[in-house]
Amino acid sequence: MLIGFVMPKLTAQNAAKGENTFKGICGACHTVGKGKLVGPDLSGVNERRTQTWLLSFIKSSQSMVKKGDPIAVKLFNEFNKIPMPDQNLTDVQIKDVLAYIGSLSPKSAAPSKTTTTPATTTTTPQASAGNPPNWVKADNEVKCVKSTKQIDPKSVANDPVWNKTTWKKLALSPQNVVYPNLPKQSVDGISVKSAYFGKEVYFLIEWADATKNTEVDADKFCDQLAIQLPLDPGNIPSYMMGNAGGRVHIVHWKSVWQNDVEKGFQDVTQKYPNMWVDVYPGMEYYPDKNQMNYAKNITAEQMVDAGKTNTMPGTYSKNPMSQIKRTSTVEEASAEGFGTMATQQNQQAKGWAVWQDGKWTACIAVPVNTDDKNKAKVKTKTKVAFAIWDGGNENIGGRKHFMPWVDLTLEP
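Residues numbered from 1 in each chain as written. Predicted model: local features only at pLDDT ≥ 70, side-chain atom pairs only at ≥ 80, totals over all residues. Heavy atoms only, no water.

A. Molecular detail of the pairing of strand β1 (residues 141-146). Pairing between β1 and strand β14 (residues 406-410): 4 bridges, direction parallel. Bridged to Lys143 within β14 is Thr409. Note that β1 and strand β4 (residues 189-197) share 3 bridges and pair parallel. By the bridge assignment for β4, Lys146 is matched with Tyr196. (Pairing = 2+ DSSP bridges. Helix = DSSP H or I, 4+ residues; strand = E, 2+ residues; numbered from the N terminus.)

B. Seen up close, the packing of helix α3 (residues 51-59) against helix α6 (residues 91-104). Here α3 crosses α6 at 110 degrees, and the two axes come no closer than 10 Å. The angle between the axes of α3 and α6 places the two elements in the roughly perpendicular class. Judged by the twist between their axes, the crossing of α3 over α6 is right-handed. For the pair α3 and α6, contact is made by Gln51, Leu54, Leu55, Ile58 and Lys59 and by Asp91, Ile94, Lys95 and Leu98, respectively. Partitioning the contact of α3 with α6 into residue classes produces 5 nonpolar, 1 polar and 3 charged. (Axes fitted to C-alpha atoms, helices over the stretch in contact; angles between N-to-C directions. Parallel < 35°, antiparallel > 145°, perpendicular 65-115°, else oblique. Left-handed = near helix turned anticlockwise from the far one by under 90°. Contact = heavy atoms within 4.5 Å. Nonpolar A, V, L, I, M, F, W, Y, C, P; charged D, E, K, R; others polar.)

C. Local environment of the packing of aromatic side chains. One pass over the structure, following the stated rule, counts 7 aromatic pairs. Arranged with centres 6.4 Å apart and planes meeting at 25 degrees, the rings of Trp207 and Trp360 form a pair that is stacked. A residue pair is termed long-range when its members are at least 10 positions apart, and Trp207 in strand β5 (residues 200-208) and Trp360 in strand β11 (residues 359-367) qualify at 153 residues. A single burial state applies to Trp207 and to Trp360, both of which are buried. Ring geometry for Tyr239 and Phe402: centres 5.8 Å apart, planes at 45 degrees, overall tilted. Note that Tyr239 is positioned in the loop between β6 (224-230) and β7 (248-254) and Phe402 in strand β13 (residues 401-402), a separation of 163 residues in sequence. In terms of burial, Tyr239 and Phe402 fall into one category: buried. Put simply, the rings of Trp207, Trp253 and Trp360 pair up and form one aromatic cluster. (Phe/Tyr/Trp six-rings, centres within 6.5 Å; stacked < 30°, edge-to-face > 60°. Buried < 20%, exposed > 50% of the residue type's maximum accessible area, 1.4 Å probe, protein only.)

D. Layout of the pairing of β5. Across the 9 residues of β5, 8 count as buried, placing the element largely inside the fold. Strand direction decides the pairing type here: β4 and β5, joined by 7 bridges, are antiparallel. When the bridges of β5 are listed, Ser191 appears paired with Glu206. Judged from the 9 bridges that link them, β5 and β11 form a sheet pairing that is antiparallel. Note on β11: the bridge partner recorded for Leu204 is Cys363.

E. Fine view of the pattern of salt bridges. The full count for this structure, using the stated rule, is 13 salt bridges. Measuring nitrogen to oxygen at the nearest pair gives 3.6 Å for the salt bridge that ties Lys359 to Glu206. Within this pair, whereas Lys359 is found in strand β11, its partner Glu206 is found in strand β5, the two being separated by 153 residues in sequence. For Lys359, a relative accessible area of 34% puts it in the partly exposed group. Note that Asp305 is salt-bridged to Lys325, the shortest N-O span being 2.9 Å. (Salt bridge = Lys/Arg side-chain N within 4 Å of Asp/Glu carboxyl O.)

Now the structure itself:
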């Protein structure tokens, strides 16, 4: 049963401070009065829970789950067992957040003993035996116009089809849900256009980035973009890389991959010209055995051409991260939750990007409606989400800018 109590008087100052914390940390998974996201709608939470319970739960929800707290366990199970990360917040900071939530929540004289789950497809699909979920209009909608021909991503923004539609601006948030998270946001949002033709959906995406970062090293990170679609528009999973039983189709572009395609693989001898390279095993001579060469004069591309990749485990096993002679700037992957992303066997996506005047412009072609069970099915309406990595601000892995699902509507 829900427990009610009287909150102390909330001040505008408390709420103002709490708003910043909520938007920076809580807003990626929760709304106040707009329905469920990854976690529950927090409208009226001050009336449904005691402040002591809220302080403990926000600091470490999993500790309460492990102790068997009935409400914590119920919430954990209801939201696909996606753990709410521990929050390193003081009691004062949490109370400010609660004040902000209270300022947006309708006032009620007494707590309700029952709750009504709002119909939404933002995260968890309804358990309705395959029936399409009830669509709730998203805060943002990307309209996908019909093209009369296939679009070459290398044309980027120059294809005439992009004149048929307008930019849609979408806000991004720093990923603060799981570790490693992003403590400092540097990309506020992106602008998107979309088109479709045949079995491809195209996205033209622009975002501000003061620096062009195309290298990866111990202290260097590259700029990246990812597009995510649910496999089935009638079964919308969590926007955070899906969930068990809710698979997502991801297309991932990296500037370092495009750099490899444009300029060729940057071997150690090119990247560090004054560094001595040890002998590749079995490669003390040139692959055709016609001339002797020091190991530093033998390139990784020559190793691939000679079929000598058995001494290069990543390349030998065809790990997409270890491609030497790269031909694509993007990777297609599938995921059903955190830590489950896997490269798809059939790679059909294409992409290209241009950096100019402090801005990236990328065109990505996503294959859809194919016989491949890992490709998204797109009918007249589905969902889409985007993520951006700013290499100049050490974005890598989970340290990224992301967003919830938005509607993607195909126009006739």
